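# Summary of structural features
Here is what each chain is made of, one letter per residue.
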Amino acid sequence: MSTDTITVTGLFKTRKETLAAVKKIQQQGWQVTEVYSPIPDSAFAKALGRKKSKVGWFTLTGGMIGFFSGFSLAIFTATRWDLIVSGKPIVAWIPFFIIAFEFTILFAVFGNVLGLLTQVGLPEKNYEENYHPECSGSLYGVEIETRPKDVDSLKDLLFQTGSLKE
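Here's a quick rundown of the structure. (Residues numbered from 1 in each chain as written. Predicted model: local features only at pLDDT ≥ 70, side-chain atom pairs only at ≥ 80, totals over all residues. Heavy atoms only, no water.)

The next thing to look at is the environment of Thr 18. By the element assignment, Thr 18 lies in helix 1 (residues 15–27). A sequence separation of 139 residues divides Thr 18 from Leu 157, and the C-alpha atoms of the two residues are 13 Å apart. Excluding anything up to four places from it in sequence, Thr 18 contacts Phe 12, Val 35, Phe 44, Tyr 140 and Val 142. (Helix = DSSP H or I, 4+ residues; strand = E, 2+ residues; numbered from the N terminus. Contact = heavy atoms within 4.5 Å.)

Written out as structure tokens, the structure reads:
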């Protein structure tokens, strides 16, 4: 948010009203900066033109690295210390899956955290300035940036689209 703009938030009762309001506001030329919803909804991300997150790829990559690292560690330690038990093979595949599984989970978590830190970005300091607590319960919120001279016309449009208050 820049210093020469004002943020207005409209509250709506239903998802359908909110999506219709977002489309109408965008058609009128205003920029919808955020939509607050009681539950995650991909329709809002699509309406705002947001791309799908790449965090899942970080998790998958971490998991694959962990799987192969777990197998490699188990094979390396088994061949390094040749502990022969009851004539069983030194490289026993079935027990090594346990180590590989645990490493898969561990490295997938590391990959996920790395993806979150690099891809998502931390919220701004004034993130909650325009947030309404009602959006965590039963209402939907639409946050719009506008110039000070256009605030009244934006508020009128919000009321026309079914906003409870601004």
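Moving on, there is more to tell.
What follows covers the sheet that holds strand 2 (residues 31–36). With antiparallel pairing, the three strands of this open sheet are ordered in space as 1-3-2. The open sheet has two edge strands with one neighbour each: strand 1 (6–12) and strand 2. For this sheet, the mean inter-axis angle between neighbouring strands, taken without regard to orientation, is 25°. Across seven bridges, strand 1 lies against strand 3 (residues 140–146) in antiparallel orientation. (Pairing = 2+ DSSP bridges. Axes fitted to C-alpha atoms, helices over the stretch in contact; angles between N-to-C directions.)

To continue, consider the pairing of strand 3. Burial runs high along strand 3: seven of the seven residues are buried. When strand 2 meets strand 3, the two strands line up antiparallel, connected through five bridges. Within strand 3, the residue paired with Val 35 across the bridge is Val 142. (Buried < 20%, exposed > 50% of the residue type's maximum accessible area, 1.4 Å probe, protein only.)

What follows covers the nonpolar core. In terms of nonpolar packing, the biggest core is built from 18 residues, with Ile 25, Val 32, Val 142, Ile 144 and Leu 158 touching the most fellow members. Secondary-structure elements contributing two or more residues to this core are strand 1, helix 1, strand 2, strand 3 and helix 5 (151–160). Counting residues in each nonpolar core, the second largest holds five residues, with Phe 71, Ala 74, Ala 78 and Phe 96 among its members. (Core = buried A, V, L, I, M, F, W, Y, C linked by side-chain atoms within 4.5 Å.)

Following the criterion strictly, the structure yields eight aromatic pairs and no others. With centroids separated by 5.8 Å and ring planes inclined at 55°, the aromatic side chains of Phe 44 and Tyr 140 adopt a geometry described as tilted. Of this pair, Phe 44 sits in helix 2 (residues 42–47) while Tyr 140 sits in strand 3, placing them 96 residues apart in sequence. The two residues Phe 44 and Tyr 140 agree in class, both being buried. (Phe/Tyr/Trp six-rings, centres within 6.5 Å; stacked < 30°, edge-to-face > 60°.)

Let us look at the packing of helix 3 (residues 55–81) against helix 4 (residues 93–120). One way to put it is that helix 3 packs onto helix 4 with a least axis distance of 5 Å and a crossing angle of 145°. Our pair here, helix 3 against helix 4, has a crossing hand that is right-handed. The residue inventory of the contact of helix 3 with helix 4, partitioned by class, reads 20 nonpolar, twelve polar and no charged. (Left-handed = near helix turned anticlockwise from the far one by under 90°. Nonpolar A, V, L, I, M, F, W, Y, C, P; charged D, E, K, R; others polar.)

To continue, consider helix 1. Every α-helix winds through 3.6 residues per turn, so residues three or four apart in the chain are directed the same way. Taking 1.5 Å per residue, 13 residues should reach 18 Å; helix 1 reaches 18 Å between its end C-alpha atoms and fits that length. Within the sequence span of helix 1, burial applies to Thr 18, Leu 19, Ala 21, Val 22 and Ile 25. For helix 1, the angular spread of the buried residues around the axis is 160°, confining them to a single face. Turned more than 90 degrees from where helix 1 packs its buried face, Lys 16 and Gln 27 sit exposed. Taken from the residues just after helix 1, Gly 29 is the one with a positive phi, measuring 100°. (Expected span 1.5 Å × (residues − 1). Arc of directions from axis to C-beta.)

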